[in-house]
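# Structural characterization, general
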Amino acid sequence: MKDFLVRRPLLIGLVMFALVWAAFTWLTSGTSEGKAPGQPAVARGTNKPGATRPAVGTPRSANGLVIDAQHDISADGRPPDARRESIVRAGIGELQEIKQMNLAVFDDAAKRWNAQPRVKELVAQWQATEAAWKTQDDDAKAAVVPQMEAMWKEALGLLREEVEKSAREAAAGVK
């Protein structure tokens, strides 16, 4: 009985080793042929001419495409009011990001940015668009939304340039 108790851990270890080895060889046997483990090596599908997939070529070009100016082709299917609110929220978020990245020079740069004639023109256009927004129907609002987004992008681009210019000047003055 003592001999069996001594040999039992050895026998269990050998059985476990054999199971691990069998599992390992079974899992790795299919990978050298490019098939998933456990799948048979049988070709499926039709053998008709032309049934094979064509070779992957270069992507198609956008040359020659004409954008229809009457229809809004943006992927955003939300109503115009929600899209306008989204544009404003995204613009304010970007404004805060610009401010946090260059906190030391932001206030002076924002003052210079606000004094630019193009920024004043953009603000006046935005105010006129907002005043007309309340009286427009959804189709007219949808036509104006891309212009509103373009105004925000341009204004924030000008602000970003002004802040970066101020940051470079401040860094040059520090050295």
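Our structure's up above, just so we're on the same page.
Attention in this report is confined to the structure presented alongside it. Since the model is a prediction, treat every value here as computed from it, not as a measurement.

## Description of the overall build of the protein
A count of helical and extended segments in the protein gives 5 helices and 0 strands. In sequence order, the secondary structure elements of the protein are arranged as α-α-α-α-α. By sequence separation, contacts in the protein at least 24 residues apart represent 71% of the contacts at least 6 residues apart. Counting every atom, the protein has about 14,000 Å² of accessible surface; 60% of that belongs to carbon and sulfur.

## Overview of the packing of aromatic side chains
Evaluated as defined, the whole model comprises 1 aromatic pair. Note on Trp 126 and Trp 152: the rings are 5.9 Å apart at their centroids and 85 degrees apart in plane angle, and the pair reads as edge-to-face. With Trp 126 in helix 4 (residues 117-133) and Trp 152 in helix 5 (residues 138-174), this pair connects stretches of sequence that are 26 residues apart.

## A word on the nonpolar core
Ranked by size, the top nonpolar core spans 21 residues in total, and within it Phe 106, Trp 113, Met 148, Leu 159 and Val 163 carry the most contacts. When contributions to this core are tallied by element, the ones reaching two or more residues are helix 2 (80-101), helix 3 (103-114), helix 4 and helix 5. Among the elements that make up this core, the one with the highest residue count is helix 5 (9 residues). Residues contacting Val 163, with those up to four places away along its chain left out, are Ile 98, Asn 102, Val 105, Phe 106 and Ala 109.

## Some remarks on helix 3
Between the first and last C-alpha of helix 3 there are 17 Å, a value that for 12 residues agrees with the 16 Å anticipated at 1.5 Å per step. Here helix 3 has its buried residues at Val 105, Phe 106, Ala 109, Ala 110 and Trp 113. Buried residues in helix 3, looked at end-on, bunch into an arc of 140 degrees, giving them a common side. Exposed and facing more than 90 degrees away from the buried side of helix 3 are Ala 104, Asp 107 and Lys 111.

## Remarks on the pattern of salt bridges
By the definition in use, this model includes 8 salt bridges. In this structure, the salt-bridge partner of Arg 118 is Glu 121, at a minimum N-O distance of 2.6 Å. Residue Arg 118 and its partner Glu 121 are both found in helix 4; the two are separated by 3 residues, about one turn of the helix. Residues Glu 154 and Arg 118 are paired through a salt bridge, measuring 2.6 Å at the closest nitrogen-oxygen approach. With a gap of 36 residues between them, Glu 154 in helix 5 and Arg 118 in helix 4 connect regions that are remote in the sequence.

## Concerning helix 2
Between its first and last C-alpha, helix 2 extends 31 Å over 22 residues, near the 32 Å set by a 1.5 Å rise per residue. If you check which residues of helix 2 are buried, you get Pro 80, Arg 83, Arg 84, Ile 87, Val 88, Gly 91 and Ile 98. Seen from one end, helix 2 has its buried residues packed into an arc of 140 degrees, which puts them on one side. Looking at helix 2, the residues exposed on the side facing more than 90 degrees away from the buried face are Arg 89 and Gln 100.

The rules behind each value
- Sequence order sets the numbering: in each chain, residues are counted from 1 along the sequence as written.
- Per-residue local features are limited, in this predicted model, to residues with pLDDT of at least 70; the limit for side-chain atom pairs, both in listing and counting, is 80 or more; totals at the level of whole chains, interfaces and linings are taken over all residues.
- Only hydrogens and water are removed before side-chain values are computed, so all heavy atoms of the structure are retained for them.
- Secondary structure counts use DSSP, requiring at least four H or I residues in a row for a helix and at least two E residues in a row for a strand, with both numbered from the N terminus.
- We call two residues in contact when some of their heavy atoms are within 4.5 Å.
- Exposure was quantified through the Shrake-Rupley algorithm and a 1.4 Å probe, taking into account, for residues, occlusion by the shown protein chains and nothing else.
- Centres within 6.5 Å make a pair out of two Phe, Tyr or Trp rings, where for Trp the six-membered ring is used; the pair is then stacked when the planes are under 30 degrees apart, edge-to-face when over 60, and tilted otherwise.
- In these notes, a set of buried Ala, Val, Leu, Ile, Met, Phe, Trp, Tyr and Cys residues joined through side-chain atoms within 4.5 Å is what counts as a nonpolar core.
- For the exposure calls, accessible area comes from a 1.4 Å probe over protein chains only, and a residue counts as buried if that area is under 20% of its type's maximum, exposed if over 50%, partly exposed in between.
- Multiplying 1.5 Å by the residue count of a helix minus one yields the expected span of that helix.
- Of all possible arcs, the one meant is that of the directions from the helix axis to the C-beta atoms.
- A side-chain nitrogen of Lys or Arg and a carboxyl oxygen of Asp or Glu constitute a salt bridge if their distance falls within 4 Å.

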